[in-house]
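Each chain, written out:
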Amino acid sequence: MRQIIVGNWKMNGTARLAAGQAEILREAAPGLVCDLVLCPPATLIAALVARLAGSAIGVGGQDCHSAASGAHTGDIAAGMLAEAGARYVILGHSERRADHGETDAMVRAKAAAARAAGLTPIVCVGENEAEQLAGRAEAVVVGQLAASLPEDFSGTIAYEPIWAIGTGRTPTPEDVIAMHRAIRACLAERFGVAGRAFPILYGGSVKAANAREILALPEVGGALVGGASLDPAEFLAIARAARPPDR
Ligand code: 13P
């Protein structure tokens, strides 16, 4: 399977950045051995989709509501993202869990809504620093997975240790391997054959300088990239570090 490199712009980016990224990535994409997905702020989704038309580069949202419509000021429904041309949606990012009090149950409902709208959910899990230091990382992540995925889940998981986000720190390759194997075991146990195939991405301070080492790990299905995705040259360098799919 091809690795997936997802850019999470968070609350950054302008129409100008979108235009520049689209031009550079469109040109480079056919020569890459991985798939690309860009998740800009919702206001830029339609413009980015238009600029990427005819390319294989996907566009995604950064969150959605669990309801299809209604009195939820400031929220966005999965169907609205789909109508704007998005094919993916990041859910349960640690920043949303922290800033907006999102619980596993809410993420689970959002993931179900995303599927119903035809979007591929990218569900984020990851331990904080205290949990990591206490040796509880795996238990925390396994618990989040169990409670954040709906029964009919189909999509992508992103393992993002909170202490690695925006800090320049990353887990050792051994720790990434161990956590990705633990996640895979949960998915396989719960979802059978399908669970063996859901991509598991790594996220947290992925840069051009460390991408090759992380993406070389066979357990890693791709990367969820924050800060480095705002620089088209850096993002492209990460994509170029992807491991070719097994034949
Ligand atoms: P950074 O790549 O900036 O550490 O962010 C990771 C992240 O949160 C992606 O969702």
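A brief structural summary.

Cut-offs applied
- Residues numbered from 1 in each chain as written.
- Predicted model: local features only at pLDDT ≥ 70, side-chain atom pairs only at ≥ 80, totals over all residues.
- Heavy atoms only, no water.
- Axes fitted to C-alpha atoms, helices over the stretch in contact; angles between N-to-C directions.
- Helix = DSSP H or I, 4+ residues; strand = E, 2+ residues; numbered from the N terminus.
- Parallel < 35°, antiparallel > 145°, perpendicular 65-115°, else oblique.
- Contact = heavy atoms within 4.5 Å.
- Nonpolar A, V, L, I, M, F, W, Y, C, P; charged D, E, K, R; others polar.
- Pairing = 2+ DSSP bridges.
- Expected span 1.5 Å × (residues − 1).
- Buried < 20%, exposed > 50% of the residue type's maximum accessible area, 1.4 Å probe, protein only.
- Arc of directions from axis to C-beta.
- Right-handed = clockwise from strand over helix to strand, strands pointing away.
- Salt bridge = Lys/Arg side-chain N within 4 Å of Asp/Glu carboxyl O.
- Bend = angle between axes of the 7 residues up to and from the residue.

Two numbers describe how helix 5 (residues 104-116) lies on helix 7 (residues 137-148): the axes approach to 7 Å, and their chain directions differ by 45°. The orientation of helix 5 relative to helix 7 falls into the category oblique. Every residue of helix 7 that contacts helix 5 at Asp 104, Ala 105, Val 107, Arg 108 and Ala 111 is listed here: Gly 143, Gln 144, Ala 146, Ala 147 and Ser 148. A class-by-class count of the residues in the contact of helix 5 with helix 7 yields five nonpolar, three polar and two charged.

Reading around the barrel, the eight strands line up as 1-2-3-4-5-6-7-8 and close back on themselves, with parallel pairing between neighbours. Recorded for the sheet is a direction-independent mean angle of 25° between the axes of neighbouring strands. Looking at chain direction, strand 7 (residues 200-203) and strand 8 (residues 222-225) are connected through two bridges and run parallel. When the bridges of strand 8 are listed, Gly 203 appears paired with Leu 224. Here helix 5 sits on the sheet in contact with strand 4 (88-91) and strand 5 (120-125), set at roughly 160° to strand 5.

On to helix 5. Here helix 5 contains 13 residues, and its C-alpha end-to-end distance of 18 Å stays within 8% of the 18 Å for a straight helix at 1.5 Å per residue. Buried within helix 5 we find Val 107, Lys 110, Ala 111, Ala 113 and Ala 114. The arc enclosing the buried residues of helix 5, seen along the axis, measures out at 160°, which places them on a common side. Residues Ala 105 and Ala 116 are exposed on helix 5 and point more than 90 degrees away from its buried face. Of the surrounding secondary structure, the elements contacted by the buried residues of helix 5 are helix 3 (78-83), strand 4, helix 4 (94-100), strand 5 and helix 7. One or two steps after helix 5, the chain reaches Gly 118, where phi turns positive at roughly 85°.

A few words now on the pairing of strand 3 (residues 58-61). Neither face of strand 3 is exposed, since Gly 58 and Gly 60 on one face and Val 59 and Gly 61 on the opposite face are all buried. Between the parallel pair strand 2 (residues 35-39) and strand 3, the chain is carried across by helix 2 (residues 45-51), and the sense of this crossover is right-handed. Sheet topology note: the strand 3/strand 4 ladder contains two bridges and is parallel. Paired with Gly 60 across the bridge in strand 4 is Tyr 88. Handedness of the crossover joining strand 3 and strand 4 through helix 3 is recorded here as right-handed.

Within this structure, the stated rule accounts for eleven salt bridges. Across the pair Lys 10 and Glu 95 runs a salt bridge whose closest N-O atoms are separated by 2.8 Å. On the criterion of sequence distance, the pair formed by Lys 10 in the loop between strand 1 (4-8) and helix 1 (15-28) and Glu 95 in helix 4 is long-range, its members being 85 residues apart. For Arg 96, the salt bridge identified is with Asp 63, shortest N-O distance 3.4 Å. Taken together, the positions of Arg 96 in helix 4 and Asp 63 in the loop between strand 3 and helix 3 put the pair 33 residues apart, joining distant regions of the chain. Under the relative-accessibility criterion, Asp 63 is labelled buried at 10%. In the salt-bridge network here, residues are joined through shared partners; they are Asp 63, Arg 96, Glu 102 and Lys 110.

Let us look at the side chain of Ser 94. Within the element layout of this structure, Ser 94 appears in helix 4. Once you skip the residues sitting within four places of it in the chain, Ser 94 turns out to touch Ile 162 and Ile 165.

Turning next to helix 8 (residues 173-197). Given a rise of 1.5 Å per residue, 25 residues ought to cover 36 Å, yet the end C-alpha atoms of helix 8 are separated by just 21 Å, more than 12% below that figure. Along helix 8, the helix axis deviates most sharply at Phe 191, where the bend reaches about 150°. If you check which residues of helix 8 are buried, you get Val 176, Met 179, His 180, Ala 182, Ile 183, Leu 187, Ala 188, Phe 191 and Gly 195. Turning to helix 8, the residues buried within the fold contact strand 5, helix 7, strand 6 (156-159) and strand 7.

Moving on, we come to the environment of Ala 208. Along the polypeptide, Ala 208 turns up in helix 9 (residues 208-215). Ala 208 sits in the partly exposed class, given a relative accessible area of 29%. Between the alpha carbons of Ala 208 and Ala 239 there is a distance of 8.5 Å; along the sequence they are 31 residues apart. Look past the residues within four positions of Ala 208 in its chain and what remains in contact with it is Glu 234, Ala 237 and Ile 238.

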